[in-house]
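# Tertiary structure, described
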Amino acid sequence: MRGFVYDQPSARVIFGAGAFDRLAEEVKRLGASRALVLATPEQRKDADEAARRLGSLSAGVFAEAVMHVPIETARQAREVARRCDADCCVAIGGGSTVGLGKAIALESGLAIIAVPTTYAGSEMTPIYGLTEGGVKKTGRDRKVLPKTVIYDPELTLTLPPRIAGPSGMNAIAHCVEGLYAPDANPIISLFAAEGIRALGRALPAVVREPGNIEARSDALYGAWLAGTVLGAVGIGIHHKLCHTLGGTFNLPHAEVHTVILPHAMVFNRDAAPEAMRTIADALGVENAAQGIYDLAVAIGAPVALKDIGMPEDGLERAAELATQNPYANPRPVDHAGVLELLRNAYAGLRPDQTPGLE
Ligand code: NAD
């Protein structure tokens with residue numbers, strides 16, 4: 001076995017149908033008494049319900065979270081937190097809402113209690129992002145890692161299949177890259193394999209029967225594992241490329257992950273055979289990249305960049321941007337290879353149809 005470092009920041013996790021009932025207790029457990037509840041405008045109702053449950057422990061609701069944490073929204077939220085003298089934040093929603101909580105914590109150190117309602121996994125990572133002047137910058141800081149995470153699958157029952165599917169594929173992408181990360185370690189690899197297994201099994205059921213609480217529980221369990229993986233180890237070409245495409249061409253986050261993942265896996269296939277074997281085993285298929293592509297098709301998620309708003313004449317520029325700064329990846333990242341990957345993803349080819357592969 002290769003040597004490794006295991007240095008995992010931990011959060012308290014409360015998991016299960018009905019776990020949301022414990023919100024007030026968990027706020028008190030942190031020694032807090034003035035919680036600012038965060039949400040997107042679409043989830044205002046969830047935020048109001050959280051505030052109602054908190055009663056006198058609620059300091060107010062800020063339901064203005066939007067994708068990629070624009071700095072203006074972050075400033076506004078920080079100001080609201082100051083004005084209402086908040087001593088913690090309750091972030092109820094997906095990665096956008098948790099991201100807003102992180103922006104507040106980054107400046108003030110306020111504790112976050114996350115109540116995730118998608119499968120993005122942000123609640124388990126010390127990674128934050130802020131968008132200023134159209135450019136998203138990310139960083140790592142342990143003080144933005146939520147102190148407590150309440151996973152209640154009942155809150156995900158309203159997540160529509162068209163958001164749930166890609167969101168779950170986003171989580172699988174964390175697991176895939178965790179398996180071949182340069183700082184991978186055996187514990188995190190177990191999480192990654194189990195995360196793929198849980199999500200691979202649950203997602204088809206989630207989109208077929210959105211009210212299936214068992215499938216929702218399985219998917220959320222997989223998302224927890226996936227978020228832990230992303231928080232623990234470095235990322236490779238897949239996440240870098242998705243970041244570039246999302247930021248430069250304003251493509252929807254989870255959908256970009258869904259489309260790029262099988263192609264990033266083809267790119268890395270020969271340089272990370274053990275990871276590919278683990279992924280294939282977890283999905284119960286012969287070929288890992290094809291298994292991921294077929295899963296996306298099975299859940300009705302997009303498989304082509306051309307279908308999610310990517311301009312064809314932007315592929316060259318995307319390849320340039322993605323290869324500007326070197327980063328760790330099993331296979332060295334070169335312009336020609338990335339351009340080929342992007343062209344295949346643009347067309348939405350199944351891995352066995354990509355040129356040069358059997
Ligand atoms: P999101 O948070 O933007 O949510 C998408 C939409 O779904 C929103 O309108 C939201 O209100 C709605 N929604 C969420 N849960 C719902 C539910 N249960 N029922 C009905 N509607 C619901 O999407 P996301 O994919 O969770 O997050 C994407 C963002 O998170 C991106 O900005 C991405 O960069 C970031 N992210 C960060 C990390 C990290 O570690 N920092 C990890 C993953 C994603």
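Structure: above.
Quantities reported herein were computed from a predicted structural model and do not represent experimental measurements.

This part covers the packing of helix α9 (residues 253-268) against helix α13 (residues 335-347). The description of two packed helices rests on the angle between their axes and on the distance between the axes. Interaxial distance between α9 and α13 falls to 9 Å at its minimum, and their mutual angle equals 140 degrees. Put simply, α9 runs oblique to α13. Of the two possible hands of crossing, α9 and α13 adopt the one that is right-handed. Here Val-259, Ile-260, His-263, Ala-264 and Phe-267 of α9 come into contact with α13, specifically with Gly-337, Val-338, Leu-341, Leu-342, Asn-344 and Ala-345. Class assignment of the residues belonging to the contact of α9 with α13 gives a composition of eight nonpolar, three polar and no charged.

The end-to-end C-alpha distance of helix α5 (residues 161-179) is 27 Å, a good match for the 27 Å that 19 residues give at a rise of 1.5 Å each. Most of α5 sits inside the fold, with 16 of its 19 residues counted as buried.

Taken in spatial order, the six strands make up an open sheet running β1-β8-β5-β4-β2-β3, and their pairing is parallel. Looking along the sheet, the strands with just one partner apiece sit at the ends: β1 (12-15) and β3 (58-62). Within this sheet the neighbouring strands show an average axis-to-axis angle of 15 degrees, counted without direction. Bridge count between β1 and strand β8 (residues 148-151): four bridges; the pairing is parallel. Looking at β8, one finds that Phe-15 is bridged to Tyr-151. Across the sheet, helix α2 (residues 44-54) is in contact with β2 (35-38), β3 and β4 (88-93); its angle to β3 comes to roughly 180 degrees. Contacts from helix α4 (residues 95-108) reach β2, β3, β4 and β5 (111-116) within the one sheet, and its direction differs from that of β4 by about 165 degrees.

The full count for this structure, using the stated rule, is three aromatic pairs. Measuring from centroid to centroid gives 5.8 Å for Phe-15 and Tyr-151, while their planes differ by 40 degrees, and the two rings are tilted. Of this pair, Phe-15 sits in strand β1 while Tyr-151 sits in strand β8, placing them 136 residues apart in sequence. On the basis of relative accessibility, which here comes to 0%, the residue Tyr-151 falls in the buried class. A centroid spacing of 6.3 Å and a plane angle of 50 degrees characterise the contact between Tyr-221 and Trp-224, whose relative ring orientation is tilted. A residue pair is termed a helical-turn pair when its members lie 3 or 4 positions apart in one helix, as Tyr-221 and Trp-224 do in helix α7 (residues 213-232) at three residues. Among the aromatic side chains, those forming a connected cluster through ring pairs are Phe-191, Tyr-221 and Trp-224. A cation sits over an aromatic face here: Lys-240 above Tyr-327, 5.3 Å from the ring centre.

Applying the stated criterion across every chain yields a total of 20 salt bridges. Between Asp-352 and Arg-350 there is a salt bridge, with its nearest N and O atoms 2.7 Å apart. Relative accessible area serves as the criterion here: at 23%, Arg-350 is assigned to the partly exposed category.

Quick look at unusual backbone geometry now. For Val-69, which is not glycine, the phi dihedral falls at a positive 45 degrees. Inspection of the secondary structure puts Val-69 in the loop between β3 and α3 (71-83). The phi angle at Asn-250 is positive, at roughly 55 degrees, despite the residue not being glycine. Along the chain, Asn-250 falls in the loop between α8 (237-249) and α9.

Conventions used here
- Residues numbered from 1 in each chain as written.
- Predicted model: local features only at pLDDT ≥ 70, side-chain atom pairs only at ≥ 80, totals over all residues.
- Heavy atoms only, no water.
- Axes fitted to C-alpha atoms, helices over the stretch in contact; angles between N-to-C directions.
- Helix = DSSP H or I, 4+ residues; strand = E, 2+ residues; numbered from the N terminus.
- Parallel < 35°, antiparallel > 145°, perpendicular 65-115°, else oblique.
- Left-handed = near helix turned anticlockwise from the far one by under 90°.
- Contact = heavy atoms within 4.5 Å.
- Nonpolar A, V, L, I, M, F, W, Y, C, P; charged D, E, K, R; others polar.
- Expected span 1.5 Å × (residues − 1).
- Buried < 20%, exposed > 50% of the residue type's maximum accessible area, 1.4 Å probe, protein only.
- Pairing = 2+ DSSP bridges.
- Phe/Tyr/Trp six-rings, centres within 6.5 Å; stacked < 30°, edge-to-face > 60°.
- Lys NZ or Arg CZ within 6 Å of the ring centre and 35° of its normal.
- Salt bridge = Lys/Arg side-chain N within 4 Å of Asp/Glu carboxyl O.

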